Amino acid sequence: LSTSSNDKSINLYERNGDDLVKIQSFKFSLTPESIEFYIDSSTNNNILIIALRESCNLIYLDCLTYTQTLISLNESVWDNHVSFNPLYLSISPNNEILLVCTDKNAIIAYRSNTSERIGVFVGHNCGEYGKPRVVWDHSGDYFYINSDGEHCIYVYSLFDKKVIDVLHGHNGLVKDITIHPINRIIGSASFDHNGIIWKR
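Just so it is clear, the structure is predicted and the values come from calculations on it, not from any experiment.

Asker: How would you sum up the pairing of strand S16 (residues 174-179)? Please name residues and give values.
Answerer: Direction of pairing for S16 relative to strand S17 (residues 185-190): antiparallel, over a ladder of five bridges. Following the sheet pairing, aspartate 176 is matched in S17 by alanine 189. Count of turn residues in the S16/S17 antiparallel hairpin: five residues.

In structure tokens, the structure reads:
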């Protein structure tokens, strides 16, 4: 388990019987915006991916060795310009693709543990103070995201790199989205005080 805070720290915990014990704490000069676990296929180690506001790099933190590796968000590794803030991270079911939701109305898909861009997805809204929530379909072929200022959920195709559906049903901003761990059932919660169950 990992938590991030506005005090610019990230904590790692592990279970010890019925208790959670903090095993390590990390302090950064910038504020963590999002964190996401994935398993490195080459080492089988748990890696915590850390997105910091006002940084052009992601940090890949090895949870065994605590080694930190910087991976550029820019297409050229020498480019240190911050052109967007990474607001939310989501790793694909096969751990191969990382979605980075930005504050520039776009999602960028990267090959995990690299700066290689697979695609840029536009159609939804997400600005500087956006609270994007994105979840993958179990197939890894599609993903779902809420949208600033709208009461709907956008469905993107990873391969077509475009919006293929828009789910309407809420009367307020969609606050969160989740997917059932086994079945193709999606849940959404909104500021309209309602939850909706969707089935594809």
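Asker: Pulling in residues and values, what's your account of the sheet that holds strand S7 (residues 68-72)?
Answerer: The strand order across the open sheet formed by four strands is S4-S5-S6-S7, and the pairing between neighbours is antiparallel. Only two strands of the sheet have a single partner each, and these edge strands are strand S4 (32-39) and S7. When the angles between neighbouring strand axes are averaged without regard to direction, this sheet yields 25 degrees. Direction of pairing for S4 relative to strand S5 (residues 46-52): antiparallel, over a ladder of seven bridges. Residue pairing across strands places proline 32 opposite leucine 52, the latter belonging to S5.

Asker: Before we move on, could you go through the pattern of salt bridges and cite the residues and values that matter?
Answerer: This structure, assessed with the given rule, holds four salt bridges. Linking glutamate 33 and arginine 53 is a salt bridge whose minimum nitrogen-to-oxygen distance equals 2.8 Å. Of this pair, glutamate 33 sits in strand S4 while arginine 53 sits in the loop between S5 and strand S6 (57-62), placing them 20 residues apart in sequence. Classification of glutamate 33 as partly exposed rests on a relative accessible area of 26%. The shortest N-O distance in the salt bridge between aspartate 176 and arginine 133 comes to 3.9 Å. A residue pair is termed long-range when its members are at least 10 positions apart, and aspartate 176 in strand S16 and arginine 133 in the loop between strand S11 (117-122) and strand S12 (134-136) qualify at 43 residues. Assessed through its relative accessible area of 36%, aspartate 176 is described here as partly exposed.

Asker: Lay out the side chain of aspartate 192 in plain terms, naming residues and giving numbers.
Answerer: If you trace the backbone, aspartate 192 turns up in the loop between S17 and strand S18 (195-199). Nearest to the buried, unbridged aspartate 192 among oppositely charged side chains is lysine 175, at 12 Å. Those residues in contact with aspartate 192 that lie beyond four places of it in its chain are His170, Asn171 and Gly172.

Thresholds, definitions, all that
Residues numbered from 1 in each chain as written. Predicted model: local features only at pLDDT ≥ 70, side-chain atom pairs only at ≥ 80, totals over all residues. Heavy atoms only, no water. Pairing = 2+ DSSP bridges. Helix = DSSP H or I, 4+ residues; strand = E, 2+ residues; numbered from the N terminus. Axes fitted to C-alpha atoms, helices over the stretch in contact; angles between N-to-C directions. Salt bridge = Lys/Arg side-chain N within 4 Å of Asp/Glu carboxyl O. Buried < 20%, exposed > 50% of the residue type's maximum accessible area, 1.4 Å probe, protein only. Lys, Arg positive; Asp, Glu negative; His and termini not counted. Contact = heavy atoms within 4.5 Å.

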